[in-house]
Amino acid sequence: SQKIEQNSEALNIQEGKTATLTCNYTNYSPAYLQWYRQDPGRGPVFLLLIRENEKEKRKERLKVTFDTTLKQSLFHITASQPADSATYLCALVDRGSTLGRLYFGRGTQLTVWP
Amino acid sequence: ETGVTQSPTHLIKTRGQQVTLRCSSQSGHNTVSWYQQALGQGPQFIFQYYREEENGRGNFPPRFSGLQFPNYSSELNVNALELDDSALYLCASSLLGWGIDTQYFGPGTRLTVL
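Residues numbered from 1 in each chain as written. Chains lettered and ligands numbered in written order. Predicted model: local features only at pLDDT ≥ 70, side-chain atom pairs only at ≥ 80, totals over all residues. Heavy atoms only, no water.

Asker: Where do I start with the overall build of chain A in this structure?
Answerer: From N to C terminus, chain A includes zero helices and 11 strands. In sequence order, the secondary structure elements of chain A are arranged as β-β-β-β-β-β-β-β-β-β-β. In terms of overall dimensions, chain A is globule-like: its C-alpha atoms have a radius of gyration of 14 Å, near the 13 Å expected for 114 residues. Oriented by its inertia axes, the alpha-carbon framework of chain A measures out at about 45 × 30 × 20 Å. Within the span of chain A, comprising 114 residues, buried residues form 47% of the whole. Across chain A, the fraction of contacts at a sequence separation of at least 24, relative to all contacts at a separation of at least 6, is 55%. Roughly 5,700 Å² of accessible area belongs to chain A as shown, and the carbon and sulfur atoms make up 45% of that amount. In chain A, which carries 15 positive and 11 negative side-chain charges, the distance between the mean positions of the two groups comes to 2 Å. (Helix = DSSP H or I, 4+ residues; strand = E, 2+ residues; numbered from the N terminus. Rg over C-alpha atoms; globule rule 2.2 N^0.38 Å. Buried < 20%, exposed > 50% of the residue type's maximum accessible area, 1.4 Å probe, protein only. Contact = heavy atoms within 4.5 Å. Areas by Shrake-Rupley, 256 points an atom, 1.4 Å probe, with all protein chains shown as cover. Lys, Arg positive; Asp, Glu negative; His and termini not counted. Charge placed at Lys NZ, Arg CZ, Asp CG, Glu CD.)

Have a look at this one:
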């Protein structure tokens, strides 16, 4: 069966450290993998997209890696801040699926404490 | 702010009733997708509309239906509500609906079915 698993439901780290979130997928062939941030009671907000032929993407304090051999993406937030506390969702667009349809993981709730 | 709005914010219905949820996409975005997000889960794709035509559907029964209008607004209709329909309903707009397009999510409508 198809699965998208995010490493843990919750991750707690101290301010200033690097947060690393994991997304593993099974029985998908992603053309694109995306990361979203979701705050309580709000809709997801797009952060980064990485293509299947890219290894790494950066945007300010955010970095995404994509390893199609391991079927895994890692999402890093460097110099984390309490304002980074939110749920982070990985989502992929499968090459064999409807254009633009996103398949989401359950998310990892990140808490950054001072 | 993504420029995507949804109404109402919250809604309470009883089992067997019908509900209509509304979404206003970003101007110029021809594609709208609807997602259902149960508590503690990632969003699940319901369907996608492109220029007023349905062009993809997830694993949801026919009692979930939609409409898209030329003025960038859209509706999600759910008939014969069931308790399991309680969830956050999200709409997302994008320019063309392709996999590489950024999808802009609205804040969602929280539906509770009693």
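Next comes the rest of the write-up.
Asker: Looking at this structure, I do not really get the nonpolar core. What am I missing?
Answerer: The tendency in soluble globular proteins is for nonpolar side chains to be buried side by side. Counting 25 residues, the largest nonpolar core has Ile4, Trp35, Phe75, Tyr88 and Leu110 of chain A as the members making the most contacts within it. Elements supplying a minimum of two residues to this core: β2 (10-14), β3 (19-26), β4 (30-38), β5 (45-51), β7 (62-67), β8 (72-77), β9 (86-94) and β11 (108-113) of chain A. In this view, Leu110 of chain A contacts Leu11, Ile13, Ala19, Ile77, Asp84, Ser85, Ala86 and Tyr88 of chain A; residues no more than four positions away in its chain are not counted. In this structure, Val19, Ile46, Val78 and Cys91 of chain B belong to the second largest nonpolar core, which totals 20 residues. (Core = buried A, V, L, I, M, F, W, Y, C linked by side-chain atoms within 4.5 Å.)

Asker: What am I meant to see in the state of the cysteines here?
Answerer: Throughout this description, disulfide means a covalent bond between two cysteine sulfur atoms. Under the criterion given, the structure shown has two disulfides over all chains. Disulfide partner of Cys23 of chain A: Cys90 of chain A, at an S-S distance of 2.0 Å. Taking the sign of the S-S torsion, 60° for the link of Cys23 of chain A and Cys90 of chain A, the bridge is right-handed. Of the two residues, Cys23 of chain A is situated in strand β3 and Cys90 of chain A in strand β9; the sequence distance between them amounts to 67 residues. The burial state of Cys23 of chain A is the same as that of Cys90 of chain A; both residues are buried. Here Cys23 of chain B is linked by a disulfide to Cys91 of chain B, with a sulfur-sulfur distance of 2.0 Å. (Disulfide = S-S within 2.5 Å.)

Asker: Sorry, what's going on with the sheet that holds β3 of chain A here?
Answerer: Note on sheets: strands pair through backbone hydrogen bonds, and any given pair is parallel or antiparallel. Residue and element names in this part refer to chain A. With respect to topology, five strands assemble into an open sheet ordered β1-β3-β8-β7-β6, the strand pairing being antiparallel. Looking at which strands have only one partner, the edges of the open sheet turn out to be β1 (3-6) and β6 (56-59). On average, each strand axis in the sheet is inclined to that of its neighbour by 15°, with strand direction left out of account. Across four bridges, the pairing between β6 and β7 is antiparallel. When the bridges of β7 are listed, Lys57 appears paired with Val64. (Pairing = 2+ DSSP bridges. Axes fitted to C-alpha atoms, helices over the stretch in contact; angles between N-to-C directions.)

Asker: What am I meant to see in the confidence of the model for chain B here?
Answerer: Low-pLDDT stretches of the model should not have their predicted coordinates read in fine detail. Mean pLDDT over chain B stands at 93; residues scoring 70 or higher make up 100%. Ranking the elements of chain B by mean pLDDT puts strand β6 (residues 53-57) of chain B last with 90 and strand β11 (residues 109-113) of chain B first with 98. (pLDDT = per-residue confidence, 0-100.)

Asker: Whenever I open this one, the side chain of Gln34 of chain A confuses me. Can you help?
Answerer: As for its position among the elements, Gln34 of chain A is in strand β4. Owing to a relative accessible area of 1%, Gln34 of chain A belongs among the buried residues under this scheme. Engagement of the side chain of Gln34 of chain A in a polar contact is seen with the side chain of Tyr36 of chain A, the distance being 2.6 Å. Gln34 of chain A has contacts with Phe46, Leu48, Leu49, Leu89, Cys90, Ala91, Val93 and Leu102 of chain A together with Gly99 and Asp101 of chain B, leaving out every residue within four places of it along the chain. (Polar contact = N/O pair within 3.5 Å; in protein donor to acceptor, adjacent residues only side chain to side chain.)

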